[in-house]
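Here's the letter readout for the chains.
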Amino acid sequence: MSQHPALADHASLRALLGRWVAAGWLRPIDRAVADFLARRAPDAAPLAQLAAVLASHQSGSGHVCLDLAAVRDNPDFTLRMPPAEPTGKAQREAATPAAVLAGIDLADWQRALAKHRAVHTLQWQQNEEDHEGRPLVLVEADRPQLYLRRYWQVEGRVAEGLAKRDAADQPSPQSVRPVLDALYPASDDTQTTDWQKIACALAAYQPFSIITGGPGTGKTTTVVRLLAALTSLHLGRENGSSLPRIALCAPTGKAAARLAESIGEKVREIAAIRADNFDVEHWPAVAAHLPEEVQTIHRLIGTRPLAEKPRHHRDNPLDLDIVVVDEASMVGMELMGQLVEALPERCRLVMLGDKDQLASVEAGAVLGELCRHADSGDYPEALRDYLQAASGQPVPTHASDTGASADRADPVQAHIATLRVSHRFGQDSAIGALARAVNRGDVAGAMQILEGADGERASSDVDWLLDQPDADHSDPFAARVIGGLRPWLSMIAVQPDGFDPDSPEDEATVTELFRRHNDFQLLCALRRGPAGVEGLNARVQGWLSREGLLPATERIGRSTAWYPGRPVIVTRNDAQLGLANGDMGLTLPTRLENGDVGLRVVFPAEPDAGRSGRHFHWVSPTRLSEVETAFALTVHKSQGSEFTRVAMVMPERSNPILTRELLYTAITRAKQRFTLVSPIRARNEPDSQARAVLKSAITSVTRRSGNLRERLVQRLCALPH
């Protein structure tokens, strides 16, 4: 089969790439990669240039490399081209990747790349630097992969930064056991393994560890008790060693605020412990040392605008002994690389997160890759013995476990503890059952839970609504949304004279307003269309206007209009204002210094900022250019948050964006009630299309390309034991 005309020469390829950019299939920066390579190697095959362009495109879609075999097998699906939501004008003449690559053999691609002077060819086990500074790395393996050099390097730095923590000393199980027994008193349930206690023992043993589990499994409780255990061990040493220097961090300000809110009560529980073999002042002293401040990762490492590297790096590391990263599923490869480079080698690193949630919007799925086999729970025999001695808990042996020699081939598992019991979603929780069914790909089970909730169990915490997008505001979906938003919008309506930023009473009212706002959130998969953020925000604004909860629709019709009650989400970091991508604010009537009433957008302050006396930022709307209305949010934007009730609006048709991970993440944002909303337009069997979309979501699994786990395994196996 002859090659596609677009691969005949550089000019033809550039014309094709121009059409893809115009259609919104590629970014202009992706096409710039082809221009750069054409100047560097004008005689090289266009096929190699195309591979480099697609590698750049994949990095913008969350992948650290281009899996050449996956592209060959299913080009349009692997590359998501055309994308689910193109940003440009439709280009009928734009050939799809499948058409362009038809007849191209994997060996053809490898040969073209190997000959290109901009490509450095390696076996994936190799890590030597390319002193010629070639911008692309071709990794030869069963499934060859093409990296932009920066991602090959940062992936290697993450693997190296985690592995080199494997040399720290471990406390003896005899010293750990009484501490964990005090933190986890014996219960009447002797049949169930206490995985929280085992996780503490594992993280006390390993210099880097991952504690993963679904919502309500006790990740925060576990890490607070882990920090208490490590602090207690230091207090108990006769040599008077200094107490550990600890930092808590999260990828976003919103996630940091949530962690800060949840740890205060848990620290007070530590202070109240009274246990044999410990002085009465021991545990209050431990609690007094535990941090309650939580920072963003960027703030911890000192990220600076336009600076080449953060303030803290390999040559200027943080002065810390323990770092805890919450919501680690949201951390991309580059940010993780900056963090591990900022840690001294003896600093213990603990990552918390739900491995089944959506990965970071940035390139790389660090937590997901590392936890690929976490459910097995297999540990080497020596580690299993340690965990049982330190925790007093039985550590189950799995059928796949054949002893230490087998585990040595995959030592990453020895750093992972999976929490398996949800204290939020018990066995009777329909939300928990639905999340588990979706997570294991059980379409029939998920359908049964949703349909049962609509019939036999009308009072359940899960229900399924069919929405007619053209219906008025009296339909069940609209009523659900209005009922969820009314409690906080009505608080604004009764304050026409505005809120006083300096009034303690008004600050308390704003605190309650944000609490009520957090009671309900509308989520969706898409940004555009009737079932996307833009369409839903417009519908909700219309409903609320007709209810008298917002100004008249003509005053708020523009997406950039400001009015009392407008919720917004920040879409780009603003260091000057102290706002981060993902921060949520509410637009409130405010008493200004000159006595007038104007609008201010109010954001919760970062957890430590409250110590200065202000718990909120009051920002003029004129200073906010990178915000969007947030009556509805994409599921991606909701990560790191929890809401009392959630309504998730599905697309009308199957969509590559709608995956198992996205649906699971949406379900687990809800604490008390989850509503699935399926738009319908067909008059005959209207729920058949809704079922098809749900089935497609549950069976579509996200796979991000990369070799982090394999490269970490290689480094761990090379360490002396």
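Rules used throughout
- Residues numbered from 1 in each chain as written.
- Predicted model: local features only at pLDDT ≥ 70, side-chain atom pairs only at ≥ 80, totals over all residues.
- Heavy atoms only, no water.
- Buried < 20%, exposed > 50% of the residue type's maximum accessible area, 1.4 Å probe, protein only.
- Helix = DSSP H or I, 4+ residues; strand = E, 2+ residues; numbered from the N terminus.
- Pairing = 2+ DSSP bridges.
- Axes fitted to C-alpha atoms, helices over the stretch in contact; angles between N-to-C directions.
- Parallel < 35°, antiparallel > 145°, perpendicular 65-115°, else oblique.
- Contact = heavy atoms within 4.5 Å.
- Nonpolar A, V, L, I, M, F, W, Y, C, P; charged D, E, K, R; others polar.
- Salt bridge = Lys/Arg side-chain N within 4 Å of Asp/Glu carboxyl O.
- Core = buried A, V, L, I, M, F, W, Y, C linked by side-chain atoms within 4.5 Å.

Visitor: Explain the pairing of strand 14 (residues 584-591) to me, please; I cannot follow it from the model alone.
Guide: The side chains of a regular strand alternate between both faces of the sheet. Counting buried positions over the 8 residues of strand 14 gives 7, a clear majority of the element. Sheet topology places strand 13 (residues 567-570) next to strand 14; 3 bridges connect them, and they run antiparallel. Paired with Ile-569 across the strands is Met-584, a residue of strand 14. Where strand 14 lies against strand 15 (residues 597-604), 6 bridges are found, and the strand directions are antiparallel. Opposite Thr-590, over in strand 15, you have Gly-598 as the bridge partner. Counting the residues in the hairpin turn of strand 14 and strand 15 gives 5 residues, including Gly-595, whose phi is positive at 95 degrees.

Visitor: Please clarify how the packing of helix 12 (residues 253-271) against helix 13 (residues 282-289) should be interpreted in this entry.
Guide: Helix-helix packing: each pair is described by the crossing angle between the helix axes and the interaxial distance. One can describe the packing of helix 12 onto helix 13 by two numbers: an axis separation of 7 Å at closest approach and a directional angle of 155 degrees. Here helix 13 runs roughly antiparallel to helix 12, going by the angle between their axes. For the pair formed by helix 12 and helix 13, the contact residues are Val-267, Ile-270 and Ala-271 on the first element and Trp-283, Pro-284, Val-286 and Ala-287 on the second. A class-by-class count of the residues in the contact of helix 12 with helix 13 yields 7 nonpolar, no polar and no charged.

Visitor: So what exactly am I meant to see when it comes to the pattern of salt bridges here?
Guide: When the charged atoms of two side chains with opposite charge come close together, those side chains can pair. Under the defined criterion, the tally for this structure stands at 32 salt bridges. Between Arg-673 and Asp-463 there is a salt bridge, with the nearest N and O atoms lying 3.2 Å from each other. You can see Arg-673 sitting in strand 20 (residues 670-679) and its partner Asp-463 sitting in strand 11 (residues 462-467), a full 210 residues away along the chain. By relative accessible area, which is 22% here, Arg-673 ends up partly exposed. In this structure, a network of salt bridges that share partners links the residues Glu-512, Arg-515, Arg-516 and Asp-519.

Visitor: Looking at this model, I keep getting lost on the sheet that holds strand 1 (residues 66-67). Mind explaining?
Guide: Think of a sheet as strands paired side by side through backbone hydrogen bonds, with each pair either parallel or antiparallel. Pairing is mixed in the open sheet, where 4 strands are placed in the order 1-4-3-2. With partners counted over all chains shown, the strands left at the sheet margins are strand 1 and strand 2 (119-123), one partner each. By the bridge criterion, 2 bridges tie strand 1 to strand 4 (residues 145-148) in an arrangement that is antiparallel. Of the residues in strand 4, the one forming a bridge with Asp-67 is Gln-145. Strands in contact with helix 3 (residues 46-60) are strand 1, strand 3 (136-140) and strand 4; relative to strand 4, the strand with the most contacts, it is inclined by about 70 degrees.

Visitor: Even after reading the chapter, I still don't get the side chain of Asp-326, so can you show me in this structure?
Guide: Of note, Asp-326 is situated in the loop between strand 8 (322-325) and helix 15 (333-341). Sequence-distant contacts of Asp-326, that is, excluding residues within four places in its chain, are made with Cys-249, Ala-250, Pro-251, Leu-259 and Leu-352.

Visitor: What should I look at first to understand the nonpolar core in this one?
Guide: Generally speaking, a soluble globular protein has its nonpolar side chains buried in company with each other. Counting residues in each nonpolar core, the largest one holds 90 residues, and the members touching the most others are Trp-20, Val-323, Val-325, Leu-349 and Met-351. Considering each element in turn, this core owes the most residues, 8 residues, to helix 3. Not counting chain neighbours up to four residues away, the residues in contact with Trp-20 comprise Trp-25, Leu-26, Leu-50, Leu-54, Met-81, Ala-94, Ala-95, Thr-96, Pro-97 and Val-100. Ranked by size, the runner-up nonpolar core spans 53 residues in total, among them Ala-199, Val-223, Ala-256 and Tyr-379.

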